[in-house]
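This is what each chain is made of:
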Amino acid sequence: MIKKTVACLFFLMLVSITKAGALFFEKISFPVDYEMKVTAIEQDDDGYMWVGTREGLYRYDGYEMERIFPLHGDSINWRKHQVISLLVEGEQLWFSLHNGDVMNYQMQSGDVTRIYPKAGETKYQYGRAISLVRDSQSQLWIGLTKGLMKITKNQEVVPIGDYSKVFSLWFNHEKQQTWVLHDDKKISVINQNDSIIREYDFVLQKAVRQFRSGCIQKDQAGVIWASVGNNVYQYLPDTDNFKKVTSVQNEIIDFAFGRNNRLWLNDAFKELAYYDQKTGKLEHIKSRPEQKGSLGSNNIFSLHMNRSGVLFIGTLNGLYKLDWTKQFFYHLPIGGGVDYALFSKGAQLGLVLNNFFYWLEQNEQGAILMKARVASDVQNGLKKPVTIPISIPKDISILKRASDRSLWAVSASEGLMWIDLKNNKAHRVELRLGHDIHINGVSNGKNNELWLSANEGIYRILYKKFPYRIEEVEKVEANDGKRLQNSTFTALHYDKEGMLWVNARGYGIFRYNPSTFQWQKFELGNTNANIAAFTRITSINETSGGTIWLGSTDSGVAFFDKVKNDFVKISSSNGLMEDEVCAIVFESENVTWISHVKGLTRIEIPEFKFDHYTHENGLLSGQFIQNAGLKSENGIIFFANTHGWVYFNPSMMILNQVPPHTVLKKFRVNGVEKVTDLKRLNTFDYELELTGKYKKLEMYVRPMSYTSSHQNKIAWRIGEEDWQQVSTDTPWLSLPELKTGDYELEIRASNNDGIWSDETIIVDLSVRSSLSSRLLKLLLPLLVLVFLVIAYILSGRVIISKRRKKVDEDKLSIADKQRIDELRKLMEKEEVYLNPELSLKDLASQLNCSANTLSSVFNDLLNQNFYDYVNNYRVEHVKAMLNNKDMAHYTLLSIGFDSGFNSKSSFYRIFKKHTGLTPSEYQKQVLSEG
């Protein structure tokens, strides 16, 4: 957060806030009505976040916080249930508790068992377990406050060494070594024989006071880091020693590697800090519970950076996350604590000159003009803020550039003013009209020319020398001159072609040619119903290429198409989030930013691509105000709202390229939640069988991405139908009612920037009739037979009911044989199965028949469905490539894709279904036989 005030004390506060950058913390809710102390955080392979708390163990999927231990209904005792440390590996989780127990949780079965201390052993003999790690031999190492233990694969508990206190454990898989931070200031390296092969001693600057202190980790580049006491060290393999990197005031409990070369530190449970590896600076983050987007507590207990690049922080009063996709917006709250909307009355009170940002604040004496240099690196904020010693009226409503060293200002009490920045003086401009005017808009013309729009008319000022010369523009319009004469003029803009664009309130938009004195009106609507739109135009803007844009408070925005000589409208009906537009700023000729009452929208023209940003993306809370938008020469964009200014650099808004892993957690039938009937076969494949009729089927689907998760999308389809896309406002995906039969349901997800995952969830869904329905189907033929016998006896005639049966190929009709031959030709000669998007409809089109006819050929004549038939050819193609020695340099996945499979999960699942082996198993078999 950035804050500018006049007082020196506030300025010192500003420096520290500027260093913190645009950090936006979000609090994650627990299913309790009180604050929850969070003590440990880990992430599993599926992407679930496991959260240890004062009251047990929870699992978080980005939407639901679910308690795992103790079970619901069990009484909670923090001495028995408070989690100290967590370890997740594969389908298992280990956690240590405050009472000294170490527990094991099996994710598939949900079983929780105590593994240490063993039955009959004395609790607390070696203290509490505060660190857990598993080695390559599946042995669990336990670091305790009074020693070190190892639990072997045979569940034997083995004491290791003679340690008085073990703070942290880390296993080096490359060298098969266990690294132990112990006894306050020593790291020991232990080999597979449990022997110490290397020790590192550190010098403490301060005594270690906490029962948990220090950490050993490896960063993304493979470099080993350690914190001992109040210092952070980096391991140097060339010298086989540690180099000191930075220090904190107290002592480092643990740390986490973040984005942008930041090392996040937990300083003695008292403060969150980060070390910037680029600049070498250490920054501390102060909690401000009353401020949205701030940490709610300085008492930090755990840190974890997950695979989405999101930092999770466990504190005394809950769990917070720092989402990197929400850190692009920087904030400048206004001085004096005044509501900016009341202060500015909806007018633009800021501008940029020569990469200096000028804005107005307010104190008890009146308005204050402030100035700060705009840093090219927006992370460095607004530099060297100063107060300009100029006496300015309190009721300033407009600021506008006059020259490189001067401003135009409009005041309700003083009228038009000229502010001399060189000499720090403000001058009232005498208009000499003989009457007062209420100025609504100001625009610079050419050659010392200024245009004004007012309630009373349009005025042109020539200000080359005193006294200024002022002219009122004659208002004559061909269609309705009288109405234009009586109009109130609000927004205006003098464009690059020398035309004046003016809005007449309640009447419309006009273009005035000062050379010919001609007025031209533009109708922003094609029917009588929408001609009335754009009557509340509040801003007229122009791109660097000369395109005029209009902003309105009732109809969105519009831009002028010079080829069509008309406006193109953009509103909530074709992609804009909100029609009540506040301000318009141009990132480039084809990219426009719009502030509105719901947030910000970025529009790319001519693609009409929209990106929306709200307070959920880290925007300063409050409503944006009219005409308060501008851009600096170095590309920083500013918008004002009721609490101050939001500024950002669009070029730093990095696209999130990581697609989410997707998990199917449970389902509901007719509103009743179920878990056990859903079988998970592997990472991406599930089986589900439904029995009996149902009205509503819902699947609980979560994209396991924690970056702006409210913008994730989910898509699903059944068979080869078109993908159906839904938002993730709720994790429950509603599916249509399905008839009895077998279906293949596919589900995939995208991240906040619309990057879709190639991996899809496949659910083999079977819908079966109920037991009574099946009995009825079994008895129905018998009843029919009885009826036929009775009919035969009564009538003396035999009624024979013939049922068409599947026939052998030698009994097929000529037409059926011909269609099957054509189908085989398409498969074997033209190899249409290599197209991963091939559908039943596409194949039927190539055979000149309907999809229903082709479906009958598969089901009635070939005795298999479309998917099995096509996938059989794909599997055979894979097998042929794997048996070809010339293809040995290809990867399995590339062979699968070349054979017509469209994802890794479907390739592996279908290949195993047809061959009984996975592709890798089949490849090994081929190699062994060769």
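Our subject is the structure listed above.
Residues numbered from 1 in each chain as written. Predicted model: local features only at pLDDT ≥ 70, side-chain atom pairs only at ≥ 80, totals over all residues. Heavy atoms only, no water.

Novice: In this structure, what is going on with the overall build of the protein chain? I would like to understand it.
Specialist: Helices and strands together make up the secondary structure of the protein chain, namely twelve helices and 66 strands. Here the analysis covers contacts within the protein chain between residues at least 6 apart in sequence; of these, 50% occur between residues at least 24 apart. Summed over all atoms, the accessible surface of the protein chain reaches about 44,200 Å², with 48% contributed by carbon and sulfur. (Helix = DSSP H or I, 4+ residues; strand = E, 2+ residues; numbered from the N terminus. Contact = heavy atoms within 4.5 Å. Areas by Shrake-Rupley, 256 points an atom, 1.4 Å probe, with all protein chains shown as cover.)

Novice: I keep staring at the pairing of strand β31 (residues 356–362) and nothing clicks. Help me out?
Specialist: If a strand is regular, its side chains alternate between the two faces of the sheet. β31 sits mainly inside the fold: six of its seven residues count as buried. Examined bridge by bridge, β31 and strand β32 (residues 367–374) share seven bridges and lie antiparallel to one another. Looking at the pairing, Trp-359 lines up with Met-370 of β32. (Buried < 20%, exposed > 50% of the residue type's maximum accessible area, 1.4 Å probe, protein only. Pairing = 2+ DSSP bridges.)

Novice: I'm lost on a positive patch on the surface in this one. Help?
Specialist: A grouping of Lys-281, Arg-373, Lys-383 and Lys-384 is seen on the molecular surface, where their side chains present a positively charged patch. Residue position: Lys-384 is located in strand β33 (residues 382–392). A residue is classified by how much of its surface remains accessible, and Lys-384, at 68% relative accessible area, is exposed. (Patch = residues over 30% accessible without salt bridge, like charges linked within 9 Å, V, L, I, M, F, W, Y side chains within 5 Å. Salt bridge = Lys/Arg side-chain N within 4 Å of Asp/Glu carboxyl O. Lys, Arg positive; Asp, Glu negative; His and termini not counted. Charge placed at Lys NZ, Arg CZ, Asp CG, Glu CD.)

Novice: Where do I start with helix α8 (residues 851–861) in this structure?
Specialist: Working note: α-helix, 3.6 residues per turn, so residues spaced by three or four point in the same direction. Among all positions of α8, only Leu-854, Val-857, Phe-858 and Leu-861 are buried. In an axial view of α8, the angular spread of the buried residues amounts to 120°, which keeps them on one side of the axis. Buried-residue contacts for α8 involve α6 (814–828), α7 (840–846) and α9 (866–882). One or two positions beyond α8, positive phi appears at Asn-863, with a value near 60°. (Arc of directions from axis to C-beta.)

Novice: What exactly am I supposed to notice about the pattern of salt bridges here?
Specialist: Pairing is possible between side chains that carry opposite charge, provided their charged atoms lie close to one another. This structure, assessed with the given rule, holds 37 salt bridges. Linking Lys-665 and Asp-61 is a salt bridge whose minimum nitrogen-to-oxygen distance equals 3.3 Å. Of this pair, Lys-665 sits in strand β57 (residues 662–669) while Asp-61 sits in the loop between β4 (56–60) and β5 (65–69); the two residues are 604 residues apart in sequence, bridging distant segments of the chain. Across the pair, exposure class does not vary: Lys-665 and Asp-61 are buried alike. The salt bridge partner of Arg-668 is Glu-698, with a shortest N-O separation of 3.0 Å.

Novice: Looking at this structure, how should I read empty space enclosed by the protein?
Specialist: Over the atoms rolls a probe the size of a water molecule, and in doing so it shows where empty space is left. The tally for this structure, following the rule as stated, stands at three cavities of 30 Å³ or more. A volume near 210 Å³ is recorded for the largest cavity. Forming the walls of the largest cavity are 18 residues, and the residues nearest its centre are Glu-720, Glu-744, Asn-871, Arg-874 and Ile-910. Of all elements in the fold, only β65 (741–750), α9 and α11 (904–915) reach the threshold of two or more residues within the lining of the largest cavity. It is α9 that contributes the most residues to the lining of the largest cavity, five residues altogether. (1 Å grid on protein atoms, 1.4 Å probe; cavity = no way out; pocket = protein on both sides within 12 Å on 5 of 7 lines; lining within 4 Å. Points joined across faces, edges and corners; volume = space filled by probe spheres on them.)

Novice: In this structure, what is going on with α6? I would like to understand it.
Specialist: Counted at 1.5 Å a residue, the expected span for α6 with its 15 residues is 21 Å, and the 21 Å between its end C-alpha atoms agrees. Of all the residues in α6, the buried ones are Asp-816, Ile-820, Leu-823, Leu-826 and Met-827. The buried residues of α6 all sit within an arc of 120° when viewed along its axis, so they share a single face. Away from the buried face of α6 by more than 90 degrees, exposed residues Ile-814 and Glu-828 are located. Lining the buried residues of α6 we find α7, α8 and α9. (Expected span 1.5 Å × (residues − 1).)

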